[in-house]
Amino acid sequence: MIIDPTVIAIPVYFLLIGIELIVHRVQAVKSYRLNDAITNINCGVTSQVTGAFLKVLSIGVYTLIFEKFRIIELPNSALVWIMAFIAYDFFYYWAHRMSHQVNLFWGGHSVHHQSEEYNLSVALRQSSTQTIWTFAFYIPMAIAGVHPILLVSVSGFNLLYQFWIHTESINKLPRWFEAIFNTPSHHRVHHARNPKYIDKNHAGTFIVWDKLFGTFKAEEERPVYGITKNLNSWNPIWANIAHYSDMWSDVKTIPKWSDKFRYVFEKPGWLPDYMGGYRAPEEVDLIKYRKFDTHTAAKLNVYVLVQYIILLAGTAMFLFNLDKMGTSDKLIFAGVIIYSVVSFGALFENRNWGFAMESLRLIFLALTAFYAFFGLNPDPIMITVAAAILIMFQIWLMLVRKVPLPAKAQLK
């Protein structure tokens, strides 16, 4: 079993998010919205769940190349770990940079940039498809003899480092630190949608790569966060496919097959000259700009929050027990988790079908819990499970009756 440090650190993530939330509340800084924060974490949950299957591709291919084509096998030592960490960060820079400059790759990475807020929960907003496009960037490390376990270790710690830089709570750090390492100030630039900040500061840990390769930009005025075409949704599945959907719409309008192919690998926003050419991002009008938001009843927010905490506990159990589960079990629990995060997004968006979806989710949740503990054999405990379902339905129906249909999504 290869242990991913990012999974082990999950409790620490939520502890730090809680601390930041308290600090901001004391400072009267409004940087968190429940629907936005939960959607950020939902994307991370979806990424971890799908990653349980995609790692067969990424780590599997890496391991195959390591076993068949490595030049040497590097020894297990502190010096080798440090060298591997630096090498990984170098390849991460290029994988990250290409994720911004290649339309297809941006479809995976754009998920991480969709939030219009900037706080620690944004660090958990990860893509479910990015690894498909970027895992090949690290193949040179396999050929050089970096063991797959070592790769998982350095990649995990690289991602851990990037967690704390997703905050506005820290301004500028000492000059020597800002000169070498990626910092909150540098990374705020990277998450901005202001034209002068776009496609800058791709570093993971060491900002020196941006300075060496001409993509560094120092933070000046406060950034406006998000992507140039806002997602305007709390659905984590749509978050992962929205850009691909836009690409498909564009491809259908391009008449030449050569340009269709070129479009996939050109910079996001590219179109052939005869269709108007590159669509450059526009400057943000701070007077007219409004963040996407929805208003839901307080009781419904509390309900989603409680259910979400239960889901996070179940997701943690799923991730920590992957090696003990068969493929069918993984698919069942992954399906319930993904269905749940979509249901929560639908409730936040006040979708009429969201209430029906949540009712079905409670049934799936109860049946999954029964399956996890007792298997498929008939048993008197079925009576207890049926009673639990009825209780949950009663609570849910009482909530639905008392919660008026809220206003539709709007810009705030």
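Residues numbered from 1 in each chain as written. Predicted model: local features only at pLDDT ≥ 70, side-chain atom pairs only at ≥ 80, totals over all residues. Heavy atoms only, no water.

J.: Please explain the overall build of the protein chain as it appears in this structure.
T.: Each helix and strand in the protein chain was counted, giving 18 helices and two strands. Counting only residues that meet the buried cut, the protein chain has 50% of its 412 residues in that class. Long-range contacts, defined here as pairs at least 24 residues apart, represent 74% of the contacts in the protein chain between residues at least 6 apart. Carbon and sulfur atoms form 69% of the exposed surface of the protein chain, whose accessible area is close to 20,500 Å². (Helix = DSSP H or I, 4+ residues; strand = E, 2+ residues; numbered from the N terminus. Buried < 20%, exposed > 50% of the residue type's maximum accessible area, 1.4 Å probe, protein only. Contact = heavy atoms within 4.5 Å. Areas by Shrake-Rupley, 256 points an atom, 1.4 Å probe, with all protein chains shown as cover.)

J.: Mind showing me how you'd approach the packing of helix α3 (residues 34-69) against helix α13 (residues 236-253) here?
T.: Helix packing for two helices is described by the angle between their axes and how far apart those axes are. The contact between α3 and α13 brings their axes to 8 Å, and the two run at 75 degrees. The orientation of α3 with respect to α13, classified from their angle, is roughly perpendicular. Between α3, through Asn42, Cys43 and Thr46, and α13, the contact on the second element is made entirely by Pro236, Ile237 and Ala239. Looking at side-chain class alone, the contact of α3 with α13 contains four nonpolar, two polar and no charged residues. (Axes fitted to C-alpha atoms, helices over the stretch in contact; angles between N-to-C directions. Parallel < 35°, antiparallel > 145°, perpendicular 65-115°, else oblique. Nonpolar A, V, L, I, M, F, W, Y, C, P; charged D, E, K, R; others polar.)

J.: I'm lost on the UniProt feature "transmembrane region" (unreviewed entry) in the protein chain in this one. Help?
T.: Here, the residues flagged by UniProt with the feature "transmembrane region" (unreviewed entry) are residues 6-23, 78-95, 135-161, 300-319, 331-348, 355-374 and 380-400. Helix makes up 100% of residues 300-319 and strand 0%, with an end-to-end C-alpha separation of 28 Å. Annotation note: span residues 331-348, helix share 100%, strand share 0%, distance between end C-alpha atoms 26 Å. (UniProt positions renumbered as here; feature names shortened; annotations may be inferred.)

J.: How should I be thinking about unusual backbone geometry in this particular structure?
T.: In this structure, Asp199 is a non-glycine residue whose phi angle is positive, near 65 degrees. Residue Asp199 is classed as buried on the basis of its relative accessible area of 14%. Although it is not a glycine, Asn350 sits at a positive phi angle of roughly 60 degrees.

J.: Can you help me understand the packing of aromatic side chains in this one?
T.: A full pass over the atoms with the stated rule returns 23 aromatic pairs. Through pairs of rings, three or more aromatic residues link up here, namely Trp81, Phe85, Phe157, Tyr161, Trp164, Trp176, Phe177, Phe181 and Phe206. Positioned above the aromatic ring of Phe66, the side-chain terminus of Arg70 is 4.6 Å from the ring centre. Here the basic side chain of Lys260 rests over the ring of Trp257, its NZ or CZ set 5.4 Å away from the ring centre. (Phe/Tyr/Trp six-rings, centres within 6.5 Å; stacked < 30°, edge-to-face > 60°. Lys NZ or Arg CZ within 6 Å of the ring centre and 35° of its normal.)

J.: What should I look at first to understand the environment of Pro140 in this one?
T.: If you trace the backbone, Pro140 turns up in helix α8 (residues 139-143). Residue classification places Pro140 among the partly exposed residues on the basis of a relative accessible area of 38%. Separated by 75 residues in the primary sequence, Pro140 and Ile65 place their C-alpha atoms 9.4 Å from one another.

J.: Would you mind going over the side chain of Asp36 with me for this structure?
T.: As for its placement among the helices and strands, Asp36 is situated in helix α3. The charged side chain of Asp36 is buried without a salt bridge, its nearest counter-charge being Arg33 at 4.3 Å. Not counting the four nearest positions on each side in its chain, Asp36 is found in contact with Ser115, Glu116, Glu117 and Trp234. (Lys, Arg positive; Asp, Glu negative; His and termini not counted. Salt bridge = Lys/Arg side-chain N within 4 Å of Asp/Glu carboxyl O.)

J.: Just checking my understanding: could you explain helix α14 (residues 257-265) for this structure?
T.: Residues lying three or four places apart along an α-helix face the same way, a consequence of the helix completing one turn every 3.6 residues. Inspection of α14 places Asp259, Lys260, Tyr263 and Val264 among the buried residues, and these make up the whole buried set. Summarising the axial view, the buried residues of α14 lie within an arc of 150 degrees, below the 170-degree limit, and thus occupy one face. (Arc of directions from axis to C-beta.)

J.: Got a minute to help me understand the nonpolar core in this structure?
T.: As a rule of thumb, soluble globular proteins bury nonpolar side chains together. Among the nonpolar cores identified, the biggest contains 38 residues, and Val45, Phe163, Val304, Tyr308 and Phe318 are the most heavily contacted of them. Among the secondary structure elements, those contributing two or more residues to this core are α2 (10-26), α3, α6 (120-123), α15 (298-320), α16 (327-348) and α17 (352-374). Residue assignment places this core across two domains, with domain 1 (5-213) and domain 2 (298-406) each supplying three or more. When neighbours within four sequence positions are excluded, Phe163 is seen to be in contact with Tyr13, Leu16, Ile17, Leu120, Ala123 and Leu124. Grouped together as the second largest cluster of nonpolar side chains are 21 residues, Tyr62, Tyr92, Ile139 and Leu150 included. (Core = buried A, V, L, I, M, F, W, Y, C linked by side-chain atoms within 4.5 Å. Domains from an automatic or database assignment.)

J.: What's the story with the environment of Thr129 in this structure? I'm lost.
T.: Here Thr129 lies in the loop between α6 and α7 (130-134). Here Thr129 falls in the buried class, since its relative accessible area comes to 18%. Between the alpha carbons of Thr129 and Ser47 there is a distance of 7.9 Å; along the sequence they are 82 residues apart. Apart from the residues lying within four places of it in its own chain, the contact partners of Thr129 are Gly107, Gly108, Asn240 and Tyr244.

J.: Is there a simple way to think about a nonpolar patch on the surface in this case?
T.: Together, Val12, Leu15, Leu16, Ile19 and Val23 give the surface a local cluster of nonpolar side chains, amounting to about 390 Å² of exposed area. Take Leu15: its relative accessible area is 53%, and that puts it in the exposed class. (Patch = residues over 30% accessible without salt bridge, like charges linked within 9 Å, V, L, I, M, F, W, Y side chains within 5 Å.)

J.: Would you mind going over the pattern of salt bridges with me for this structure?
T.: Two side chains that carry opposite charge are able to pair once their charged atoms sit near each other. One pass over the full model with this rule turns up 15 salt bridges. Of the charged contacts, one joins Lys229 and Asp246 as a salt bridge, the two residues approaching to 3.0 Å between their closest N and O atoms. Here the residue Lys229 occupies a position in the loop between α12 (208-213) and α13, and Asp246 occupies one in helix α13, the gap between them amounting to 17 residues. Of the residues examined, Asp246 reaches a relative accessible area of 25% and is grouped as partly exposed. When salt bridges that share partners are traced, they join Arg33, Glu117, Lys291 and Asp293 into one network.

J.: Mind showing me how you'd approach the confidence of the model for the protein chain here?
T.: Note that predicted coordinates carrying low pLDDT should not be read in detail. Residues with a pLDDT of 70 or more make up 87% of the protein chain, whose mean pLDDT is 87. Throughout residues 404-409 the model reports pLDDT below 50, and contacts reaching past four residues in sequence, or to other chains, amount to 12 contacts. (pLDDT = per-residue confidence, 0-100.)

J.: Would you take a moment to explain α2 for this structure?
T.: With 17 residues, α2 should cover 24 Å at 1.5 Å per step; its first-to-last C-alpha distance of 25 Å lies within 8% of that length. Buried residues of α2: Ile10, Tyr13, Ile17, Glu20 and His24, and no others. Projected down its long axis, α2 carries its buried residues within an arc of 85 degrees, all on one side. Turned more than 90 degrees away from the buried face of α2 sit Pro11, Leu15, Ile22 and Val26, all of them exposed. Looking at the residues trailing α2, positive phi occurs at Ala28, about 60 degrees. (Expected span 1.5 Å × (residues − 1).)

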